[in-house]
Amino acid sequence: MVETTGGGPQDGTAEVLDRPLPDGVRRRVVQIVADGFGGLTVAELPAQLRQYARFAPNRRAKFAGNAMAAALETDPLFRQRIGEKLREAQPELTGALDSGSPPPAADPLDVAAAAYVLRQVGWVKLVTAAGEEAQRADAERADEETRAELERLRAELDRARELTRAETERLRAELDAAKKETESLHRKLRSALSDVKRGEAALRKLRGEMDAVRAEGHAQVSAAESESRRLKARLGETEAALEAARRAAREGRSVEDMRVRLLLDTVLDAAQGLRRELALPPVSVRPAETVDAVEPGRMTPKDIAARALSEDDPAILNQLLALPQAHLVVDGYNVTKTGYPQMPLEKQRLRLLGQLAQLAAQTGAEVTCVFDGAELAAPVLLAPPRGVRVLFSKPGVTADELIRQLVRAEPPGRPVIVASTDREVADGVARAGARPVASAVLLKRLS
């Protein structure tokens, strides 16, 4: 029961709203409750709203709007307390409602919300009228927005038409330019086709000329081959006549050859006498020293595979070394791998070179020891012993090839002995005039 300021009590609580509360009115009602909420104590609030007591009005309206609207509808005491707070906040509006004459200038939504909270007689009519007014206002606003949108769309349509016309003009200009360019390309294409046809005609002419030249060349080649066969036949006849002449000359010069040989022996004996009379020193530079190789101390030789052994009499080696100006060439790693392969490479070299030094001192022969140095990575610190020449093959050159170079450097007739079990090395030096011996024979002689 709410007392009005206009006199007697008026009660409209019996009136019932037969439709949902309009959205605009509901928002104003929630705002009224949120504003009057803060003036109530926690005990005066419904139980479901007490958790929002410390919220600010805006946050309260945002998070507790539904709960406040429900409490206002179902809790008359809470609605009465909110109405009292509304009377304190808006005395003119509530007084006008109590007198039954709402102010004409007031917002219909505010009037309807206040009437919904105060529940004077006729509040349902005010709420309904406010809802209808709000709907009319929304409709008018929507109509205005629609008209504005329609105007905007018309303006955009006009702009689009202008752009379309401009784009059409541009495309027409581009089309005209493309047509002109196409016509120009067609003319160029016809010119190019004419050039191609002329080129093909010239090519056919050149091919005919080439065929004629080729036929003429074949004829010349056939003539040249016939002439070559004729010249070869004449050459054979000439060679046969020359050989017959040589045989006749040899038979006629047999006596002269004997006299020349006698004269040669005389010259050799005289040369030996001159050497003794002039006390000429022996030759200090040996042909083996002219062969390009790696000297010890510059590169580290790598190991090579062991070769097969052969058993011969070491006395043969003694006889060979006893020949005048004998030169012994040793395949170093081949010998060490045959005799003592379990030792490190450095100790193998030192042991072999020490034994070769003793052999050189005993026989007086020239001794050259060759090691494979094709893949050396660091210098080898080695002092060659007296009487032994030590050589390492250069990168890219094997010890076998270096041995063959040493043999080829010697003059024909000088006794050269090569100690190696490698069959390829033995065959190669034998063809060059040297005498191969097996590594096992040298090892027996050294031991």
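Residues numbered from 1 in each chain as written. Predicted model: local features only at pLDDT ≥ 70, side-chain atom pairs only at ≥ 80, totals over all residues. Heavy atoms only, no water.

Focus: the overall build of the protein chain
Counting its regular elements, the protein chain contains 14 helices and 5 strands. Of all 447 residues assigned to the protein chain, the portion counted as buried reaches 31%. Sequence-distant contacts in the protein chain: of pairs separated by 6 or more residues, those separated by 24 or more amount to 67%. (Helix = DSSP H or I, 4+ residues; strand = E, 2+ residues; numbered from the N terminus. Buried < 20%, exposed > 50% of the residue type's maximum accessible area, 1.4 Å probe, protein only. Contact = heavy atoms within 4.5 Å.)

Points about the pairing of strand β4 (residues 416–419)
In the case of a regular strand, side chains alternate between the two sheet surfaces. Judged by which residues are buried, β4 turns out to be covered on both faces: V416 and V418 on one side and I417 and A419 on the other are all buried. The sheet contact formed by strand β1 (residues 327–331) and β4 spans 4 bridges and is parallel. Bridged to L328 within β4 is I417. In this structure, β4 lies alongside strand β5 (residues 435–437), joined through 3 bridges in parallel fashion. (Pairing = 2+ DSSP bridges.)

A word on the packing of helix α10 (residues 332–339) against helix α14 (residues 439–446)
Remark: α10 packs on α14, axes separated minimally by 9 Å, with the N-to-C direction vectors making an angle of 70°. Regarding the angle of α10 to α14, the classification is roughly perpendicular. Taking contact as the criterion, the partners of N334, V335, T338 and G339 in α10 are, on α14, S439, L442 and L443. Of the residues contributing to the contact of α10 with α14, the split by class is 3 nonpolar, 4 polar and no charged. (Axes fitted to C-alpha atoms, helices over the stretch in contact; angles between N-to-C directions. Parallel < 35°, antiparallel > 145°, perpendicular 65-115°, else oblique. Nonpolar A, V, L, I, M, F, W, Y, C, P; charged D, E, K, R; others polar.)

A short note on the packing of helix α1 (residues 23–37) against helix α3 (residues 65–74)
The geometry of a pair of packed helices is captured by two quantities: the angle between their axes and the separation between those axes. Taken N-terminus to C-terminus, the directions of α1 and α3 make an angle of 90°; their axes are 9 Å apart at the nearest point. Relative to α3, the element α1 is oriented roughly perpendicular. Touching R26, V29, V30, V33, A34 and F37 of α1 are G65, N66, M68, A69 and L72, all from α3. Looking at the contact of α1 with α3 residue by residue, the classes come out as 8 nonpolar, 2 polar and 1 charged.

Regarding the environment of E401
Residue placement: E401 occurs in helix α12 (residues 399–409). Taking the C-alpha atoms as reference, E401 lies 8.3 Å from V425; in sequence the two are 24 residues apart.

Re the sheet that holds strand β3 (residues 388–392)
Taking strand neighbours across the sheet as the criterion, the 5 strands line up as β3-β2-β1-β4-β5 in an open arrangement whose pairing is parallel. Edge strands, defined here as strands with exactly one partner in the open sheet, are β3 and β5. The sheet shows a mean angle of 20° between the axes of neighbouring strands, taken without regard to direction. Relative to β3, strand β2 (residues 366–371) runs parallel, the two sharing 5 bridges. Note on β3: the bridge partner recorded for F371 is F392. Its contacts with the sheet put helix α11 (residues 345–363) on β1, β2 and β3, and the angle it makes with β2 is roughly 165°.

Examining unusual backbone geometry
Positive phi outside glycine occurs at Q325, with the angle close to 55°. Mapped onto the fold, Q325 is located in the loop between α9 (315–321) and β1.

With respect to the confidence of the model for the protein chain
Low pLDDT marks regions whose predicted coordinates should not be analysed in detail. Of all residues in the protein chain, 78% attain a pLDDT of 70 or more, and the chain-wide mean is 78. Confidence, expressed as mean pLDDT per element, reaches its minimum in the protein chain at helix α8 (residues 254–278) with 65 and its maximum at β1 with 95. Residue range residues 1–10 is modelled with pLDDT below 50. Its contacts to residues more than four positions away, or to other chains, number 16 contacts. Of the regions scoring below 50 in pLDDT, residues 298–310 engages in 47 contacts with residues more than four places distant in sequence or in other chains. (pLDDT = per-residue confidence, 0-100.)

Quick word on the side chain of S420
Following the sequence through the fold, S420 ends up in the loop between β4 and α13 (423–431). A distance of 3.1 Å separates a polar atom in the side chain of S420 from a polar atom in the side chain of D331. Every residue in contact with S420, bar those within four places of it in the chain, is listed here: D331, N334, V425, V437, A438 and S439. (Polar contact = N/O pair within 3.5 Å; in protein donor to acceptor, adjacent residues only side chain to side chain.)

Side note on helix α4 (residues 76–89)
The end-to-end C-alpha separation of α4 is 20 Å, in line with the 20 Å expected for 14 residues at 1.5 Å each. Three or more residues of α4 are buried, namely F78, R79, I82, G83, L86 and R87. (Expected span 1.5 Å × (residues − 1).)

Digging into the nonpolar core
Side chains of a nonpolar character, in soluble globular proteins, are inclined to be buried together. Counting residues in each nonpolar core, the largest one holds 34 residues, and the members touching the most others are V29, M68, L72, F78 and I82. If you list the elements that add at least two residues to this core, you get α1, α3, α4, α5 (91–99), α6 (108–118) and α7 (123–252). Ranked by residue count, the leading element in this core is α6, at 9 residues. In contact with F78, other than residues within four places in its own chain, are V33, L40, E44, L45, P46, L49, M68, A71 and L72. (Core = buried A, V, L, I, M, F, W, Y, C linked by side-chain atoms within 4.5 Å.)

Notes on the pattern of salt bridges
Tallied over the full model, the rule gives 17 salt bridges. Linking E149 and R152 is a salt bridge whose minimum nitrogen-to-oxygen distance equals 2.1 Å. Placement of the pair is E149 and R152 together in helix α7, with a separation of 3 residues, close to one helical turn. On the basis of relative accessibility, which here comes to 37%, the residue R152 falls in the partly exposed class. A cluster of three or more residues bridged by salt bridges with shared partners is formed by E366, R389, E410 and R414. (Salt bridge = Lys/Arg side-chain N within 4 Å of Asp/Glu carboxyl O.)

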